[in-house]
Amino acid sequence: MKPLRNKYLILNYIFIFCVVILFLNDHFFKHIFSSWFTGKLSDMVGIIILPLILTYIFPKLKIHSVWISALLFAFWKSPYSGKVIEMYNKFTLIPITRVVDYSDLLVIVFLPVSYYLIKKINRLNLLKIQKINPAFILFPTGFVLMATAPPPSFSYTYSNGNLNCRKCVIRVAMTQKEIVERLKENHIVFDTIYPMSESTYKRYPFFKQDDIHFYTIKKFVIDKDTLKNVDFAMRSIGENQTMLHFNGLQTSDDISTIRLFVKARKHYSKIIFKKLSDALENKQPENGLKEH
């Protein structure tokens, strides 16, 4: 007898909670509260979701989907999946990426949650979601899972600082070389300058035309503020046109809540871009301060 597909494997509050957390973490929490925990959170909820989806789609698997999920996850987090991802990205509209980090395998300890749900879901009436077609949950879940990888822009908007600003950017009617020279004339000197890595260009070959470079100022003095490890990136988008990104910095400010984080990001992006704009327009720095 063909086993029946149990819709409550995906129509339950734990499954929905995990999908929502996965979406919020990948698109918001990781960028606002970048930490070890947010780095692992998506894997934690993802490893709970995977066996439930497999068992729903392939009812014959039953609890075997748990150890199959463990093997699939281990393969996904290994270098061996690189060729598969590269081939997939050649034909898909939604490219995927992953970071090889063996510490991610620790989330396998959450598989007993999936095992318990697969075994007991029929008795857990309080967790069941009634009167909803499973398709309304399954298809959005598929898109959330495919979109867990950061967008391509993440590769040039990251920062090693605890305050990131991935959408802080201005357009400058100069080449990157001209920007660096003009800023230097106004005593703003980058401590490090390096190009985007070849491995990233291999993953996103369309970035080559942008000639992306990364820049860091270790100590940037603006009026009474002394900013540390300020990260930038520049993209050439046409003849004598450059997108100048402020990616983030290291701050000792209290940014423990979303409100404080957003307030600090708004403050620093405002004063940094004003300082850079004044220098690029050849205005003299106030009080003769030097940033280096």
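Residues numbered from 1 in each chain as written. Predicted model: local features only at pLDDT ≥ 70, side-chain atom pairs only at ≥ 80, totals over all residues. Heavy atoms only, no water.

1. A word on the environment of Gln-250
Part 1: By the element assignment, Gln-250 lies in strand β6 (residues 241–250).
Part 2: Through-space distance from the C-alpha of Gln-250 to that of Asn-160 is 7.7 Å; in sequence the pair is 90 residues apart.
Part 3: Side-chain polar atoms of Gln-250 contact the backbone nitrogen of Asn-162, separated by 3.3 Å. (Helix = DSSP H or I, 4+ residues; strand = E, 2+ residues; numbered from the N terminus. Polar contact = N/O pair within 3.5 Å; in protein donor to acceptor, adjacent residues only side chain to side chain.)

2. Regarding the pattern of salt bridges
Part 1: Going through the model one piece at a time under the given rule, you end up with six salt bridges.
Part 2: The partner of Lys-77 in a salt bridge is Asp-104, and the shortest N-O contact between them spans 3.0 Å. Residue Lys-77 is found in the loop between α3 (64–76) and α4 (82–89), and its partner Asp-104 is found in the loop between α4 and α5 (111–120); the two are separated by 27 residues along the sequence. Just as Lys-77 is buried, Asp-104 falls in that class too. (Salt bridge = Lys/Arg side-chain N within 4 Å of Asp/Glu carboxyl O. Buried < 20%, exposed > 50% of the residue type's maximum accessible area, 1.4 Å probe, protein only.)

3. Some remarks on the side chain of Gln-176
Part 1: With respect to the secondary-structure elements, Gln-176 resides in helix α8 (residues 176–185).
Part 2: You can call Gln-176 buried: its relative accessible area is 7%.
Part 3: One polar contact links the side chain of Gln-176 to the main-chain carbonyl oxygen of Met-234, over a distance of 3.4 Å.
Part 4: Non-local contacts of Gln-176, meaning those with residues more than four positions away in its chain, are made with Asp-210, Asp-211, His-213, Tyr-215, Met-234, Arg-235, Ser-236 and Thr-242. (Contact = heavy atoms within 4.5 Å.)

4. A short note on the confidence of the model for the chain
Low pLDDT means the predicted coordinates in that region are not meant to be read closely.
Part 1: Here the chain averages 86 in pLDDT, while 89% of its residues score no lower than 70.
Part 2: This model gives residues 284–292 a pLDDT under 50, and the stretch forms 24 contacts once residues within four places in sequence are excluded. (pLDDT = per-residue confidence, 0-100.)

5. Re a nonpolar patch on the surface
Part 1: A contiguous nonpolar patch, built from Phe-75, Tyr-80 and Val-84 and spanning about 350 Å² of accessible area, is present on the exposed surface.
Part 2: Among the secondary structure elements, Val-84 is positioned in helix α4. (Patch = residues over 30% accessible without salt bridge, like charges linked within 9 Å, V, L, I, M, F, W, Y side chains within 5 Å. Areas by Shrake-Rupley, 256 points an atom, 1.4 Å probe, with all protein chains shown as cover.)

6. What about unusual backbone geometry?
Part 1: The backbone of His-187 sits at a positive phi, close to 65°, despite the residue not being glycine.
Part 2: Secondary-structure assignment places His-187 in the loop between α8 and β3 (192–195).
Part 3: For His-187, a relative accessible area of 32% translates into the label partly exposed.
Part 4: Positive phi, close to 50°, is recorded for Asn-229, a residue that is not glycine.
Part 5: For Asn-229, the location among the structural elements is in strand β5 (residues 225–238).

7. Concerning the packing of helix α2 (residues 36–57) against α5
Part 1: In the contact formed by α2 and α5, the axes pass within 7 Å of each other and the chain directions differ by 35°. In terms of crossing hand, the pair formed by α2 and α5 is right-handed. Here Ile-47, Ile-48, Pro-51, Leu-52 and Thr-55 of α2 lie close against α5, whose contacting residues are Leu-111, Val-113, Ser-114, Leu-117 and Ile-118.
Part 2: Grouping the constituent residues of the contact of α2 with α5 by class yields eight nonpolar, two polar and no charged. (Axes fitted to C-alpha atoms, helices over the stretch in contact; angles between N-to-C directions. Left-handed = near helix turned anticlockwise from the far one by under 90°. Nonpolar A, V, L, I, M, F, W, Y, C, P; charged D, E, K, R; others polar.)

8. A look at the environment of Thr-200
Part 1: Secondary-structure assignment places Thr-200 in helix α9 (residues 198–203).
Part 2: Sequence spacing of Thr-200 and Ser-155 is 45 residues, and the spatial spacing of their C-alpha atoms is 7.4 Å.
Part 3: Polar contacts involving the side chain of Thr-200 include one to the side chain of Ser-197, which spans 2.8 Å.

9. Focus on α5
Part 1: Along α5, the residues that are buried comprise Leu-111, Ser-114, Leu-117 and Ile-118. Considered in projection along α5, the buried side chains sweep an arc of 120° and stay on one side of the axis. (Arc of directions from axis to C-beta.)

10. As for the packing of aromatic side chains
Part 1: As enumerated under the stated definition, the model contains eight aromatic pairs in all.
Part 2: Here Tyr-158 and Phe-214 contribute two aromatic rings whose centre-to-centre distance is 5.4 Å and whose plane-to-plane angle is 40°, an arrangement assigned as tilted. Of the two residues, Tyr-158 is situated in the loop between α7 (154–157) and β1 (163–164) and Phe-214 in strand β4 (residues 213–222); the sequence distance between them amounts to 56 residues.
Part 3: Aromatic pair Phe-190 and Phe-232: ring centres 5.9 Å apart, planes at 75°, arrangement edge-to-face. One end of the pair, Phe-190, is in the loop between α8 and β3; the other, Phe-232, is in strand β5, with 42 residues separating them in the sequence. Taken individually, Phe-190 and Phe-232 each receive the classification buried, so the pair is uniform in this respect. (Phe/Tyr/Trp six-rings, centres within 6.5 Å; stacked < 30°, edge-to-face > 60°.)

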